[in-house]
Amino acid sequence: MREDERVVERVIQTLHENYGEPITIDDMARTAMYSKFHFTRIFQRVTGLTPGRFLSAVRLEKAKQLLAATQLMVTDISHLVGYSSVGTFSSRFTYNVGMSPTLYRRFGGFLPWSALDSRPALAEVGRASSGRAVPGRSRTVIRGNLSYTEPGWDGPAFIGLFGELVPRGQPVAWSVVDGPGPYTIEDVPEGVWHLMACAQHHDQGRAGAHGGPANGVGRSAHRGGHAMFVEVRSWPPHHQGLSVAAEGPIVVRPGLGRLADVRMRPMTLLDPPILPALPDMRPGALLAQGFRPAG
């Protein structure tokens, strides 16, 4: 790891430890021991995001964890992750995650399959099951091969197409593959898209999806102008147990299929948290949708 990456990693670690505090870019630059201008430039080069946007992503990821694994009120969670306005928090959460905080909790921290496809059963395409984008535009197909850099990472992967380099909201088209091998994404609308793939290690289970609880720690929140001390949990880093890949931009034109191979690698602390809500990729949920695992 280069020195700049070590410095940025140190700053990111402080963001995960102090996400509920009013952190400024000046604070981050002091932690890095760089000038504000140099730090901002280095941080964006290493992570692909500005420091402020990365901090916002960390806060929303912590909110996802709290919504999925605690009974804290949305208002309290918004304060715990550094927002003074629950309205601002809810708007940003919905825009980035693709569903409101209330719905995210209601569906257990997963995006319902019905939100991706109007039909509950997945249509198999080779070893992949493809979803659909919004109607009314010319369509094409993206194909490629999915592989893993690490041995033992051979479980199902979700592949989605998004309109931005850093994914937000719900994908315009998607596919699920049962492991390394060919994949197909059907009904891709014309446009310029960025591909994001995510897979979870078999041993992580549900806890890995949301950063499962570890030792209890105290954190302060405020309600009605009064301090409130609640017990929340300390969570593993957002990247633990995940493998990711990104490709793009992919320019899609009417009637012209595209090839895009996907090389999955272990997620690191330098990668921004994955904010879009993803469907339930546990084996039972996939079987319920008509997806047949490999073997």
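Some thoughts on the environment of Y183
- One can find Y183 in strand 6 (residues 181-189).
- C-alpha of Y183 to C-alpha of D261: the two residues are 78 residues apart in sequence and 8.9 Å apart in space.
- From its side chain, Y183 meets the backbone oxygen of A260 in a polar contact 2.4 Å long.

Here's the deal with the pairing of strand 12 (residues 262-266)
- Bridge count between strand 3 (residues 139-148) and strand 12: three bridges; the pairing is parallel. In the strand pairing of strand 12, S147 is matched with R263.
- Alignment of strand 10 (residues 242-252) against strand 12, held across two bridges, turns out to be antiparallel. When the bridges of strand 12 are listed, S243 appears paired with P266.

Section: the side chain of S78
- With respect to the helices and strands, S78 occurs in helix 5 (residues 74-80).
- The residues touching S78, leaving out its near neighbours within four places in the chain, are Y83, V86 and F89.

Some words on helix 6 (residues 86-97)
- Helix length check: helix 6 (twelve residues) gives 16 Å between terminal C-alpha atoms against 16 Å at 1.5 Å per residue, within 8%.
- Among all positions in helix 6, only F89, F93, N96 and V97 are buried. On an axial view of helix 6, the arc spanned by its buried residues comes to 80°, and they lie on one face.
- On its buried face, helix 6 sits against helix 4 (51-69), helix 5 and helix 7 (101-106).
- Its side-chain oxygen 3.3 Å from the backbone nitrogen of G87, S85 forms the N-cap of helix 6.
- A positive backbone phi angle near 95° is found at G98, which sits one or two residues after helix 6.

Topic: helix 1 (residues 3-17)
- Along its 15 residues, helix 1 runs 21 Å from first to last C-alpha, staying within 8% of the 21 Å computed at 1.5 Å per residue.
- Looking at helix 1, one finds that the buried residues are D4, E5, V7, V8, V11, I12, L15 and H16.
- Where helix 1 is buried, its residues meet helix 2 (25-32), helix 3 (36-47) and helix 4.

Some words on the packing of aromatic side chains
- Evaluation of the coordinates by the stated rule reveals seven aromatic pairs.
- A ring pair is formed by F39 and F43, whose centres lie 5.5 Å apart and whose planes are at 55°; its orientation type is tilted. Here F39 and its partner F43 are both found in helix 3, four residues apart, which amounts to about one turn of the helix.
- Their ring planes at 75° and their centres at 5.6 Å tell us that F93 and Y104 sit as a pair that is edge-to-face. Taken together, the residues span a long stretch of sequence, with F93 in helix 6 and Y104 in helix 7 at a distance of eleven residues.

Observations regarding unusual backbone geometry
- Here the bond from G248 into P249 is cis, since omega is 5°, no more than 30 degrees from zero.
- Mapping P249 onto the fold places it in strand 10.
- With phi around 60°, M33 is a residue other than glycine that occupies positive phi space.
- Here M33 lies in the loop between helix 2 and helix 3.
- Residue D187 is not a glycine yet carries a positive backbone phi of 55°.
- By secondary structure assignment, the location of D187 is in strand 6.
- With a relative accessible area of 29%, D187 lands in the partly exposed category.

Regarding the environment of P189
- Here P189 is to be found in strand 6.
- A relative accessible area of 1% places P189 in the buried class.
- Each C-alpha atom, one on P189 and one on P254, is 7.9 Å from the other, the two residues being 65 residues apart in sequence.

Here's the deal with the confidence of the model for the protein chain
- Across the protein chain, the average pLDDT comes to 81, with 78% of residues at 70 or higher.
- Mean pLDDT in the protein chain bottoms out at strand 1 (residues 123-125), which sits at 31, and peaks at helix 5, which reaches 97.
- Across residues 118-134, where pLDDT falls below 50, the model places 59 contacts with residues more than four positions away in sequence or in other chains.
- Confidence drops under pLDDT 50 across residues 204-236; counting only partners more than four residues distant or on other chains, this segment forms 74 contacts.

Observations concerning the packing of helix 1 against helix 2
- Interhelical geometry of helix 1 versus helix 2 gives an angle of 130° and a closest axis separation of 9 Å. Taken together, the axis directions place helix 1 and helix 2 in an arrangement best described as oblique. The two elements helix 1 and helix 2 meet at a crossing, and its hand is right-handed. Residue-level contacts link V7, R10, V11, T14 and L15 of helix 1 to M28, T31 and A32 of helix 2.

Reading the values: the criteria
Residues numbered from 1 in each chain as written. Predicted model: local features only at pLDDT ≥ 70, side-chain atom pairs only at ≥ 80, totals over all residues. Heavy atoms only, no water. Helix = DSSP H or I, 4+ residues; strand = E, 2+ residues; numbered from the N terminus. Polar contact = N/O pair within 3.5 Å; in protein donor to acceptor, adjacent residues only side chain to side chain. Pairing = 2+ DSSP bridges. Contact = heavy atoms within 4.5 Å. Expected span 1.5 Å × (residues − 1). Buried < 20%, exposed > 50% of the residue type's maximum accessible area, 1.4 Å probe, protein only. Arc of directions from axis to C-beta. Phe/Tyr/Trp six-rings, centres within 6.5 Å; stacked < 30°, edge-to-face > 60°. pLDDT = per-residue confidence, 0-100. Axes fitted to C-alpha atoms, helices over the stretch in contact; angles between N-to-C directions. Parallel < 35°, antiparallel > 145°, perpendicular 65-115°, else oblique. Left-handed = near helix turned anticlockwise from the far one by under 90°.

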